[in-house]
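# Remarks on the overall topology
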Amino acid sequence: MSKRDYYEVLGVAKNASEAELKKAYRRLTMKHHPDRNLGEKASGAEEKFKEVKEAYEILNDAQKRSAYDQFGHAGVDQTMGGGGGGGQGNFSDIFGDVFGDIFGGAAGGRGGQGSRVYRGADLRYNMTLSLEDAVAGTTVKIRVPTMVKCGTCEGTGAKKGTSPVKCSTCEGHGQVRMQQGFFSVQQTCPTCRGSGQEIKDPCGSCHGQGRIQEQKTLSVKIPAGVDNGDRIRLGGEGEAGEHGGPSGDLYVQITVNRHPIFERQDSNLYCEVPLDIVTAALGGELEVPTLSGRVKLKIPAGAQSGKAFRLKGKGVKSVRGGAVGDLMCTITVEVPVNLNAKQKEWLQQLGDSMKGNGKHSPMTKSWMDGVKKFFDEMKF
């Protein structure tokens, strides 16, 4: 019986890439695996499974694929010395080869790939700043508890003068293979925990871990314009990696304290300025604070509560760039309290002199006219 075309078996084009071949191989081996087709053995599931494996083994090998493309099955037989496509392989080996990476097979597959190294964990440090420091920028020294490489054993975990040896359980692969029926699953070696090595004589300082915990002092430069929620990354300042792996990073999370005068929104600053009733009525000049010093603010006569004054360029330059923001001063007219008898008399005389004259209180007159119209229409 003649063999089917290998490309047809896998359902791929003749110019299919390695990734496309592997994807088709995975899909078809899952579909035709005997453990998933117990009731279909008579219908050829096992033969299809072997056929898929044979096709993949040929097309995934550059030399064999070239011979097959030129001479067909005869070219493959010649290349393999008449042995055919090797379709009699063990099902569990096939399954382990295809799906081993799902269970961490990349570092501990056939033949081994040496010791596993692990990148150190990233760390987070919460830093609280004043608004002034966040806007201007500063440098802050911090102390961070972290795992660092053991200086005694230089991170090997072995006593000085000795070295780790190949793990006797996994023979240096870092993984062991567990087989149940047709399934073969790789998992991290329980003895060496994936490193592929055992430490017979551990370091007395780190007890074989290769790392020790220390308080590390770092100088963190805070750029001008940072805001709540910003993060500063310090590369390689996290925990030391295991088995000589690279260190993680340290992320400094910024929180800006609430300011008693200013509130920040993006690049602008906002503040409320209380204003006495006389200055609001007659106008005048008011001294207001900014983050760069004091400035004079001119108040026009008749200023009302809620009126905002913009001070250009007195805001913040964001750490992300762009123009410097503005300072928005919103005035709040303050009604005088704790008046003495004379002051109350003067205020009463002022009120009597303005009573009935809408030009002194245009907002009041407009509102009262609206109320009167409302009552007339509703016929209350």
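I will try to describe carefully the structure that is included in this document. Not measured: the values here are computed from a predicted model.

### A short note on the pattern of salt bridges
The full count for this structure, using the stated rule, is 14 salt bridges. Across the pair Arg 233 and Asp 249 runs a salt bridge whose closest N-O atoms are separated by 3.0 Å. Here Asp 249 lies in the loop between β8 (231–234) and β9 (250–256) and Arg 233 lies in strand β8, a separation of 16 residues in the sequence. Judged by relative accessible area, Arg 233 falls into the exposed class, the value being 51%. Take Asp 249: its relative accessible area is 7%, and that puts it in the buried class. Counted as one network, the salt bridges with shared partners bring together Arg 119, Asp 122, Arg 233 and Asp 249.

### Looking at a nonpolar patch on the surface
Together, Ile 277, Val 278 and Leu 282 line one region of the surface with nonpolar side chains, adding up to about 300 Å² of accessible area. As for its placement among the helices and strands, Ile 277 is situated in helix α8 (residues 277–282).

### Considerations on the sheet that holds strand β11 (residues 268–276)
The sheet built from 4 strands is open, its strands ordered β10-β11-β15-β14 with mixed pairing. Edge positions in the sheet fall to β10 (263–265) and β14 (308–311), since each of these pairs with one other strand and no more. Neighbouring strand axes in the sheet, compared pairwise and without regard to direction, differ in orientation by 30 degrees on average. Alignment of β11 against strand β15 (residues 327–334), held across 8 bridges, turns out to be parallel. By the bridge assignment for β15, Leu 275 is matched with Val 333.

### Describing helix α3 (residues 45–59)
An ideal rise of 1.5 Å per residue puts 21 Å on 15 residues; α3 measures up with 21 Å between its terminal C-alpha atoms. Taken together, the buried positions of α3 are Ala 45, Phe 49, Lys 50, Val 52, Lys 53, Glu 54, Ala 55, Tyr 56, Ile 58 and Leu 59.

### Observations concerning the layout of surface pockets
The method is simple in principle: a probe with the dimensions of a water molecule rolls over the atoms, and the space it marks as empty is what remains. The space that makes up the largest pocket amounts to roughly 700 Å³. What lines the largest pocket is a set of 22 residues, among which Ile 277, Val 278, Ala 281, Leu 350 and Met 354 lie closest to the centre. Among the secondary structure elements, those contributing two or more residues to the lining of the largest pocket are α8, α9 (341–354) and α10 (362–378). Residue contributions to the lining of the largest pocket peak at 6 residues, all from α9. Considered class by class, the residues forming the lining of the largest pocket number 15 nonpolar, 7 polar and no charged.

### Some thoughts on unusual backbone geometry
Phi angles above zero are rare outside glycine, and Asp 266 is one such case at about 60 degrees. Mapped onto the fold, Asp 266 is located in the loop between β10 and β11.

### Concerning the pairing of strand β13 (residues 293–299)
Bridge analysis of strand β12 (residues 284–290) against β13 gives 7 bridges, and the strand direction is antiparallel. Each bridged residue has a counterpart across the sheet, and for Val 288 the counterpart in β13 is Val 295. Two successive antiparallel strands, β12 and β13, enclose a turn made up of 2 residues.

### Examining the nonpolar core
Counting 35 residues, the largest nonpolar core has Met 127, Ile 222, Leu 250, Val 252, Ile 254 and Cys 329 as the members making the most contacts within it. Discounting chain neighbours no more than four positions away, the residues touching Cys 329 are Cys 271, Val 273, Val 288, Leu 297, Lys 307, Ala 308, Phe 309 and Leu 311. One finds Leu 21, Ala 24, Tyr 25 and Tyr 68 within the second-largest nonpolar core, a separate group that totals 16 residues.

### Section: the sheet that holds strand β1 (residues 123–129)
In a beta sheet, neighbouring strands are held together by backbone hydrogen bonds and run either parallel or antiparallel to one another. Across the sheet, which stays open at both edges, the 3 strands sit in the order β1-β9-β8 with mixed pairing between neighbours. Of all strands in the sheet, those with a lone pairing partner are β1 and β8, marking the two edges. Along the sheet, successive strands turn relative to each other by an average axial angle of 25 degrees, direction set aside. In terms of strand pairing, β1 meets β9 through 7 bridges, oriented parallel. Each residue of the ladder has a partner; that of Met 127, found in β9, is Ile 254.

### A closer look at the pairing of β9
β9 sits mainly inside the fold: 6 of its 7 residues count as buried. Strand direction decides the pairing type here: β8 and β9, joined by 4 bridges, are antiparallel. The partner of Leu 234 across the bridge, within β9, is Leu 250.

About the thresholds
Residues numbered from 1 in each chain as written. Predicted model: local features only at pLDDT ≥ 70, side-chain atom pairs only at ≥ 80, totals over all residues. Heavy atoms only, no water. Salt bridge = Lys/Arg side-chain N within 4 Å of Asp/Glu carboxyl O. Helix = DSSP H or I, 4+ residues; strand = E, 2+ residues; numbered from the N terminus. Buried < 20%, exposed > 50% of the residue type's maximum accessible area, 1.4 Å probe, protein only. Patch = residues over 30% accessible without salt bridge, like charges linked within 9 Å, V, L, I, M, F, W, Y side chains within 5 Å. Areas by Shrake-Rupley, 256 points an atom, 1.4 Å probe, with all protein chains shown as cover. Pairing = 2+ DSSP bridges. Axes fitted to C-alpha atoms, helices over the stretch in contact; angles between N-to-C directions. Expected span 1.5 Å × (residues − 1). 1 Å grid on protein atoms, 1.4 Å probe; cavity = no way out; pocket = protein on both sides within 12 Å on 5 of 7 lines; lining within 4 Å. Points joined across faces, edges and corners; volume = space filled by probe spheres on them. Nonpolar A, V, L, I, M, F, W, Y, C, P; charged D, E, K, R; others polar. Core = buried A, V, L, I, M, F, W, Y, C linked by side-chain atoms within 4.5 Å. Contact = heavy atoms within 4.5 Å.

Such coordinate-based values are descriptive only and should not be taken to indicate function.
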